[in-house]
Amino acid sequence: MISDELRSLPSAGLHPVLQQALTLAIAANPQEKTPGRYALQGDTIFMNVMQFATQSPEQKKAELHQQYIDIQVLLSGEERILFGMTDSARQCDEMHVEDDYQLCSEIVDEQAIVLKPGRFAIFMPGEPHKPGCMVEGPGEIKKVVIKVRASLLQA
């Protein structure tokens, strides 16, 4: 997991593909878009704009991806994301290959990060993460999740 603030993007030391994906998404003004999927570079880089109420961690499952990197950017509200290292997910459901996700009930040695507007967190394939968790109580958030095909980093 990598985390930083958007204002530090030029000096964040990100892989050029991840920096480009964030730059494309920011230029698309996700805060002004309605929830939905928006292409940035076909199906290799796209963004999902979301708006929902945060929940207690017990009400949520962790997710894993194999083909895509998740860049989660909070636009409004406050969100806790629980996460773990690669291979720390347990009690996992079947992988949904077409949609590139797998849900898991447990993260060994779970850690947490709190996102506020202007902050982002990057989760690589195989890193379990449980976004959308409340900080002190449920609250409305708006966020954008930028999906980057992991194979772009190897090109």
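Everything below is about the structure printed above this text.
### Some words on unusual backbone geometry
The phi dihedral of asparagine 29 is positive, around 50°, even though this residue is not glycine. With a relative accessible area of 31%, asparagine 29 lands in the partly exposed category. Even without a glycine there, the phi angle at aspartate 109 is positive, about 55°. Tracing the backbone through its elements, the reader meets aspartate 109 in the loop between β8 (102–107) and β9 (111–115).

### Looking at the sheet that holds strand β2 (residues 36–41)
One open sheet accounts for 6 strands, arranged β1-β10-β5-β12-β3-β2; its pairing is antiparallel. Edge positions in the open sheet fall to β1 (2–5) and β2, since each of these has one partner strand only. If you compare each strand with its neighbour and ignore which way they point, the axes differ by 20° on average. Here strand β5 (residues 68–76) runs beside strand β10 (residues 119–123); their pairing, made up of 4 bridges, is antiparallel. Across the sheet, residue valine 73 finds its bridge partner in β10, namely phenylalanine 120. Along the sheet face, helix α1 (residues 16–27) touches β2, β3 (45–53), β5, β10 and β12 (140–149) and points at about 135° away from the line of β12.

### Things to note about the environment of isoleucine 141
Mapping isoleucine 141 onto the fold places it in strand β12. For the pair isoleucine 141 and glutamine 91, spaced 50 residues apart in the sequence, the C-alpha separation amounts to 28 Å. The residues contacting isoleucine 141, other than those within four sequence positions of it, are Met50, Gln51, Phe52, Thr54, Leu74, Ser76, Gly77, Glu78 and Glu79.

### As for the side chain of glutamate 63
Relative to the elements of secondary structure, glutamate 63 occurs in strand β4 (residues 62–64). One buried charge, glutamate 63, has no salt-bridge partner; the nearest side chain with opposite charge is lysine 147, at 5.4 Å. A distance of 3.1 Å separates a polar atom in the side chain of glutamate 63 from a polar atom in the side chain of histidine 65. Apart from the residues lying within four places of it in its own chain, the contact partners of glutamate 63 are Asp70, Gln72, Gln102, Leu103, Glu127, Pro128, His129 and Pro131.

How each quantity is defined
- Residues numbered from 1 in each chain as written.
- Predicted model: local features only at pLDDT ≥ 70, side-chain atom pairs only at ≥ 80, totals over all residues.
- Heavy atoms only, no water.
- Buried < 20%, exposed > 50% of the residue type's maximum accessible area, 1.4 Å probe, protein only.
- Helix = DSSP H or I, 4+ residues; strand = E, 2+ residues; numbered from the N terminus.
- Pairing = 2+ DSSP bridges.
- Axes fitted to C-alpha atoms, helices over the stretch in contact; angles between N-to-C directions.
- Contact = heavy atoms within 4.5 Å.
- Lys, Arg positive; Asp, Glu negative; His and termini not counted.
- Salt bridge = Lys/Arg side-chain N within 4 Å of Asp/Glu carboxyl O.
- Polar contact = N/O pair within 3.5 Å; in protein donor to acceptor, adjacent residues only side chain to side chain.

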